[in-house]
Amino acid sequence: MSKAKTIPRLQSIDALRGLVIIIMLLDHVRETFYMHKQVSDPMNITETEPALFWSRFLAHLCAPVFVLLTGMSAFLFQMKTQSIKLTRNFLLKRGLFLILLELTLVNFAWTAKFPPDVIYLQVIWAIGLSMLVLALCIGLPIKILLSVGLLIIFGHNLLDQISFKDIPVLEHLWFVLHQRAWIEFDLLRIRTSYPILPWIGVILIGYCLGQFFQTKFNAQQRDRYLILIGMLSIVLFVLLRLVNIYGDQPWQIYDSFTLSLMSFFNLTKYPPSLLFILWNVGVGLLLLIAFEKLIETPFLKVLVVFGSVPMFFYLLHLYVLKLLYLMSELLWGANESGYFTVSGVAQLWIITLFLICLLYPVVKAFSSYKHANKHITWLKYF
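The following paragraphs examine the structure supplied in this document. The model shown is predicted, which means the values in this text are computed figures rather than measured ones.

**Considerations on the environment of leucine 355**
Within the secondary structure, leucine 355 is located in helix H14 (residues 345-372). Under the relative-accessibility criterion, leucine 355 is labelled buried at 1%. With 89 residues separating them in the primary sequence, leucine 355 and asparagine 266 have C-alpha atoms 28 Å apart. If we skip the residues at most four places from it in the chain, leucine 355 touches Leu25, Val29, Val320, Leu321 and Leu324.

**Considerations on the sheet that holds strand E3 (residues 189-191)**
A sheet is described by the order of its strands in space; here 3 strands give the open sequence E1-E3-E2, paired in mixed fashion. Each having just a single partner strand, strand E1 (118-120) and strand E2 (182-184) make up the two edges of the open sheet. On average, each strand axis in the sheet is tilted by 15° relative to the strand beside it, whichever way the strands run. Summarising the sheet, E1 and E3 pair through 3 bridges and their orientation is parallel. Along E3, the bridge assignment pairs isoleucine 119 with isoleucine 190.

**Comments concerning the pattern of salt bridges**
In this structure the tally under the stated criterion is 9 salt bridges. A salt bridge links arginine 30 to glutamate 31; its shortest N-O distance comes to 3.8 Å.

**A closer look at the side chain of asparagine 280**
Relative to the assigned elements, asparagine 280 resides in helix H11 (residues 274-293). For asparagine 280, a relative accessible area of 2% translates into the label buried. Discounting residues that sit within four places of it in the chain, asparagine 280 has contacts with His60, Leu61, Pro64 and Val65.

**A closer look at unusual backbone geometry**
With an omega of -5°, the peptide bond running from phenylalanine 114 to proline 115 counts as cis. By secondary structure assignment, the location of proline 115 is in the loop between helix H4 (84-111) and E1. Cis peptide bonds are those with omega within 30 degrees of zero, and the linkage from tyrosine 270 to proline 271 qualifies with -10°. With respect to the secondary-structure elements, proline 271 resides in the loop between helix H10 (257-264) and H11.

**Some thoughts on the layout of surface pockets**
The probe, sized like a water molecule, is rolled over the atoms to show the empty space still left. Each pocket or cavity is described by its volume, and for the second largest pocket that value is around 460 Å³. Leu146, Leu150, Ile205, Leu209 and Ile229 are the residues nearest the centre of the second largest pocket, which is lined by 22 residues in total. When residues of the lining of the second largest pocket are assigned to their parent elements, the largest contribution, 5 residues, is made by helix H6 (residues 142-155).

**Describing the packing of aromatic side chains**
For the structure shown, the criterion picks out 32 aromatic pairs. Considering the side-chain rings of phenylalanine 264 and phenylalanine 265, the 5.2 Å spacing of their centres and the 75° angle between planes classify their relative orientation as edge-to-face. Residue class for phenylalanine 264 comes out buried when judged on its relative accessible area of 11%. Linked through ring pairs, Phe53, Trp54, Phe57, Phe237, Trp251, Phe264, Phe265 and Trp279 together constitute an aromatic cluster. Note that arginine 180 overlies the ring of tyrosine 270, its terminal NZ or CZ placed 3.8 Å from the centroid.

**Concerning helix H3 (residues 62-81)**
The terminal C-alpha atoms of H3, which comprises 20 residues, lie 28 Å apart, in line with the 28 Å expected from a rise of 1.5 Å per residue. The buried fraction of H3 is high, at 14 of 20 residues. Backbone geometry just after H3 places glutamine 82 at a positive phi near 55°.

Each value, and the rule that gives it
Residues numbered from 1 in each chain as written. Predicted model: local features only at pLDDT ≥ 70, side-chain atom pairs only at ≥ 80, totals over all residues. Heavy atoms only, no water. Helix = DSSP H or I, 4+ residues; strand = E, 2+ residues; numbered from the N terminus. Buried < 20%, exposed > 50% of the residue type's maximum accessible area, 1.4 Å probe, protein only. Contact = heavy atoms within 4.5 Å. Pairing = 2+ DSSP bridges. Axes fitted to C-alpha atoms, helices over the stretch in contact; angles between N-to-C directions. Salt bridge = Lys/Arg side-chain N within 4 Å of Asp/Glu carboxyl O. 1 Å grid on protein atoms, 1.4 Å probe; cavity = no way out; pocket = protein on both sides within 12 Å on 5 of 7 lines; lining within 4 Å. Points joined across faces, edges and corners; volume = space filled by probe spheres on them. Phe/Tyr/Trp six-rings, centres within 6.5 Å; stacked < 30°, edge-to-face > 60°. Lys NZ or Arg CZ within 6 Å of the ring centre and 35° of its normal. Expected span 1.5 Å × (residues − 1).

By themselves, these are just geometric observations and shouldn't be taken as functional.
Take a look at the structure:
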């Protein structure tokens, strides 16, 4: 594949990654400054104001797209190196690195406790473990990887009622794989916030979609196939949601159109349901194609900067948010909820826009440093 054909496609991936990073920032601003109105999963729509619901719903796009792009990028790395061994080694090293970050720097950013008495196994953990699984799977025929990925995504909701409560070892393993729960030890509690089984399905599908980046597909063919898959994913979501039997908790019709619409899109993230994955992967693929065609626009160039150093931004924004919260609490104090909070969802969006402007120069400087020093190995992990 020629350089001219590769760069635009890679920039569109970075732009999409940058978009979901910014949306993630909004959601983490919500978790930092809106603690008095925490939402459940799925959300209680009769108690959640529409602005808060749709802001949270928008954030649902982040994890599926990020995991999908991780699988896609793994295949692109394999194309670049022409080596399954090098790709497997990179996935293993990066996966272990992400798990280590989750257990240390990321967890500390959320809890501010060391040594910790609580560890939250969240999205970085899920991506890291998924990369380890993908590392073991690459080299198998694509048809097998595709079949396994689809089987996991379409079939894992059948496992929702399984329980191993009388077998502690299996129960803990099940919590890691498929059930959000607490694992209790004498001095430590572990929260399996992101059960990994469905995410393994998503990363396998992302790796398989990377096939369309091969030279045997021209740009028009790639776009056509990815648009078709994205549209099919959304249509399947709508059809299954209308049937209202399988794929997520049932929705219902209310007297209010707004509540009915919120109920229709009220999807389960922990673990991600079939319908959650179908909708967000479908939207993500359509955005990827749109971004490829609009990659020269100024806004997308900004997104490319954020998406080019995702782990650096992830760590940076967590600690900036923690510092900003502590400063705010010191200056204005907590309210009756026990937290410093803002009064409305609009203020969450304003804080997010402020942080984007504040962090952009720092992220851009690090991105420039990273791409000017490609010989420095550790930079590849950020």
